[in-house]
Amino acid sequence: MEKVSLDNVVGFVLAICFALVIGISMWALLIGDYMNTVMNEQTRHTLRIVGFAGALAALVTWWVQSFAARRGFVVRVMFAFFIFVVAFCSFGGLLRFIYIHATYPSQQDWSLTGLYFASLNDFYTFLLDMLLPPRPAYAALTLAAAIFVAWFGPHQAKTADY
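Residues numbered from 1 in each chain as written. Predicted model: local features only at pLDDT ≥ 70, side-chain atom pairs only at ≥ 80, totals over all residues. Heavy atoms only, no water.

Colleague: What should I look at first to understand the layout of surface pockets in this one?
Modeller: Empty space among the atoms becomes apparent when a probe as large as a water molecule is rolled across them. By volume, the largest pocket amounts to about 510 Å³. What lines the largest pocket is a set of 19 residues, and nearest its centre among them are Asn8, Trp62, Trp63, Ser66 and Pro154. Taken together, the elements giving at least two residues each to the lining of the largest pocket come down to α1 (6-33) and α2 (41-64). Here the lining of the largest pocket gets 6 residues from one element, more than from any other, and that element is α1. A class-by-class count of the residues in the lining of the largest pocket yields 11 nonpolar, 6 polar and 2 charged. By volume, the second largest pocket is sized at about 260 Å³. Every element with two or more residues in the lining of the second largest pocket is listed here: α3 (73-103), α4 (112-131) and α5 (136-152). Broken down by element, the lining of the second largest pocket gets its largest block of residues, 5 residues, from α3. (1 Å grid on protein atoms, 1.4 Å probe; cavity = no way out; pocket = protein on both sides within 12 Å on 5 of 7 lines; lining within 4 Å. Points joined across faces, edges and corners; volume = space filled by probe spheres on them. Helix = DSSP H or I, 4+ residues; strand = E, 2+ residues; numbered from the N terminus. Nonpolar A, V, L, I, M, F, W, Y, C, P; charged D, E, K, R; others polar.)

Shown next, in the form of structure tokens:
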């Protein structure tokens, strides 16, 4: 178990603040895209969970960044970008699945096959809501998050012995 140090406390506070900023930013970007449009029910569900998915993805990315802590800056950015995108899409699909099943329990098929296909449907729906139409602001925010994690996240000096 690691000892609690000032670096660990500052890192924890920074990770929580980072997650809040990313979550609010992702939610605000989607709100801004749909501000003056009529939304269908699927998009409305995605709109409710996108901020939570972004915040959870940011926390996971910060935590997993310790695996690439000894690498160079570019590798840490690419690693953080990949982890953030995968975590964001995964959490988005999972949270959408949980939200739909909690909101409309009587309309769901609770068999294993039904749960499997519903989870796939919610994952794909979340991805389509996020990718269509293309949203360059999300790509920029994801890249900025990866750069932030690589710069301020866990990193260690390179050593000669691996």
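Colleague: What is the right way to read the packing of aromatic side chains from this model?
Modeller: Geometrically, a pair of aromatic rings is defined through the distance of the ring centres and the angle of the planes. In the structure shown here, the tally under the stated rule is 11 aromatic pairs. A ring pair is formed by Phe123 and Tyr124, whose centres lie 5.6 Å apart and whose planes are at 55°; its orientation type is tilted. Joined through ring pairs, the aromatic side chains of Phe18, Trp62, Phe73, Phe148, Trp151 and Phe152 make up one cluster. (Phe/Tyr/Trp six-rings, centres within 6.5 Å; stacked < 30°, edge-to-face > 60°.)

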